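Residue strings, one per chain:
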Amino acid sequence: TMWLLLHVVVVVVALVVSTPSCSGLWRGTYELSDPYCMPCENANLITGACACPPDTTSYQSFRVINDCAGTEHGGHMMLCYNDTVADSYIGSYQQDDDGTCRTINPATNACSCASGDVPLGLRTLVDTNGGFKGSNIVICSSSTFRVTYDFGGVYQQDDQVPASRGCRLPNVATGGCSCPPGTSPQQTRVIADGTGGQYLGSTIVSCGSATGFPSAVEVCPGVIADATGVNDTSAALQRCINAYANKVLEIPPGLYAIANALLIKAPIVIRTQGSSSMPPCSDPAMRCATFLASPQLYSPATGGIIVLYGPDIVLDHIVIDGNRNNRMNSKASSDCIVKGANRATAYNGLAYNCVNCVFTNSISMNALCGTGFQWIGAGSNFTASVFRDNGNHADGRWSDGLTLLQGTSAIVQDCQFIDNTDVNFIIGSGQHARIHNNVIAMMIQNAFAGYMMDNFNGGEDGNFD
């Protein structure tokens, strides 16, 4: 009797799988130009495109005249935000000099700030009847301004020309035309009226997070880590993992750079803070903790970004990102193509004797080569997870999505295997295993196989009874 229950849906059509996103009130700005000029004049720092982050709940459009291609040209400044409790940003609106209310403030349903809030006027020209008139984009700020990771104020700086007003609007957070530490400048280019009514170029700058995550979060009591993906967090995360053996460790959403493999040697539940009963990390609205391989990551003794030893380990709403594009010049990348080298240094994850372990609502993506996860452990459970974009078929750095060497009584259910470049999902043994309702799709790369039952040339028993 064959006890391996197999139900795999293989597709070759486009499937949208989104990278997890993050949350905050201010979600960045971008600038669109009218036709016959560069469509995306200034991209949103968080998305790298003229688009709001997927978790954005609202946006506003403000008309501007910019100097695209060196001449007056129409465009729009787009402001992305979430309908959450405000810290320092309390809405915005646009009103022309003749009193026309172009865009209302959702907080007041009018071209006004709420009582007690401070209006910060950003100047631009707008087009009207073949000519131009002045207009103000007004950012409403709390009277007790506080810099947060997602919003550090706005300012406007004129070009240095004779009619310039210089620092037209200083940032209340710094007192000058600058962003506070920990925030990044997001530009919108406009034409404004200078002294004497002359027109000149000017730059509106909003200060916010380039990643959408804070630079300092408390991972566990007394342990602070950078959640922007810039500074190594290996030691901080390892300290919390060790302290939370046989407990639940909830990690705040963010990008956590990993320069030394994380080792888990005791039962534990690791999940994104606040994610219990929430959609999986592949949902565009989800904010998940992401373990991002640093270009410096090279752990020959253990391999991987994360390594699991032993039973009853749960990874829930966690993203493991091999950061392939930024590690191509690394030693781990070289190991992928050097005969006899330790290719495990390029894997995303490894699990040994991981009996009754769980990988759920999570993602393993962008492995350099080898596999998104190599797994040994009876009774393991993989549900509602995504294995995608692991390896590169064209340059020989192939990678499986999931390599389940020993999967007795395993459950692989409601998972997606997308553009993995060796075998999307390969299993070496699977007595009494249940594999059903999974999707395998190749959209932009080639692969050796979608699904394979194998004994690895005798390395595994190949028993699927």
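From a predicted model like this one, the values you see are computed outputs, not experimental measurements.

### Remarks on the side chain of Ser364
Then comes step 1: Along the polypeptide, Ser364 turns up in strand β27 (residues 363-365).
Then comes step 2: A polar contact is formed between the side chain of Ser364 and the backbone oxygen of Gly372, at a distance of 2.7 Å.
Then comes step 3: Beyond its immediate stretch of four places on either side in the chain, Ser364 contacts Ile320, Asn348, Phe359, Gly372, Phe373, Val386, Phe387, Arg388 and Asn390.

### A short note on the packing of aromatic side chains
Each aromatic ring pair is characterised by the separation of its centres together with the angle its planes make.
Then comes step 1: Under the criterion given, the structure shown has 14 aromatic pairs.
Then comes step 2: Aromatic side chains Phe425 and Tyr451 sit 5.3 Å apart centroid to centroid with 55° between the ring planes, which places their arrangement in the tilted category. One end of the pair, Phe425, is in strand β34 (residues 423-427); the other, Tyr451, is in strand β36 (residues 449-453), and 26 residues separate them in sequence.
Then comes step 3: The exposure class of Phe425 is buried, given its relative accessible area of 1%.
Then comes step 4: Taken together, the ring pairs connect Phe359, Phe373, Trp375, Phe382, Phe387, Phe417, Phe425 and Tyr451 into an aromatic cluster.
Then comes step 5: For Lys247, the ring lying beneath its charged end belongs to Tyr244, and the centroid distance is 5.6 Å.
Then comes step 6: The cationic tip of Lys265 hangs over the ring face of Tyr309; the distance from NZ or CZ to the ring centre is 5.8 Å.

### Observations regarding empty space enclosed by the protein
Then comes step 1: As enumerated under the stated definition, the model contains one cavity of 30 Å³ or more in all.
Then comes step 2: The space that makes up the largest cavity amounts to roughly 80 Å³.
Then comes step 3: For the lining of the largest cavity, the elements supplying multiple residues, two or more each, are β2 (26-33), β12 (184-193) and β13 (199-208).
Then comes step 4: Looking at side-chain class alone, the lining of the largest cavity contains four nonpolar, eight polar and one charged residues.

### What about the side chain of His73?
Then comes step 1: By the secondary structure assignment, His73 is in strand β5 (residues 73-81).
Then comes step 2: Looking at His73, its side chain comes within polar contact range of the main-chain oxygen of Asp34, at 3.1 Å.

### Comments concerning the sheet that holds β12
Then comes step 1: Here four strands make up an open sheet; going across it, the order is β11-β10-β13-β12 and the pairing antiparallel. Every other strand in the sheet has two partners, leaving β11 (167-169) and β12 as the edge strands with one partner each. Adjacent strand axes in the sheet meet at a mean angle of 30° when their direction is disregarded.
Then comes step 2: Across two bridges, strand β10 (residues 154-158) lies against β11 in antiparallel orientation. Each bridged residue has a counterpart across the sheet, and for Gln156 the counterpart in β11 is Leu169.

### Details of the pairing of strand β35 (residues 434-441)
Then comes step 1: Pairing analysis gives three bridges linking strand β32 (residues 411-413) to β35, with the strands arranged parallel. By the bridge assignment, Ile411 is partnered in β35 with Arg434.

What counts, and at which threshold
- Residues numbered from 1 in each chain as written.
- Predicted model: local features only at pLDDT ≥ 70, side-chain atom pairs only at ≥ 80, totals over all residues.
- Heavy atoms only, no water.
- Helix = DSSP H or I, 4+ residues; strand = E, 2+ residues; numbered from the N terminus.
- Polar contact = N/O pair within 3.5 Å; in protein donor to acceptor, adjacent residues only side chain to side chain.
- Contact = heavy atoms within 4.5 Å.
- Phe/Tyr/Trp six-rings, centres within 6.5 Å; stacked < 30°, edge-to-face > 60°.
- Buried < 20%, exposed > 50% of the residue type's maximum accessible area, 1.4 Å probe, protein only.
- Lys NZ or Arg CZ within 6 Å of the ring centre and 35° of its normal.
- 1 Å grid on protein atoms, 1.4 Å probe; cavity = no way out; pocket = protein on both sides within 12 Å on 5 of 7 lines; lining within 4 Å.
- Points joined across faces, edges and corners; volume = space filled by probe spheres on them.
- Nonpolar A, V, L, I, M, F, W, Y, C, P; charged D, E, K, R; others polar.
- Pairing = 2+ DSSP bridges.
- Axes fitted to C-alpha atoms, helices over the stretch in contact; angles between N-to-C directions.

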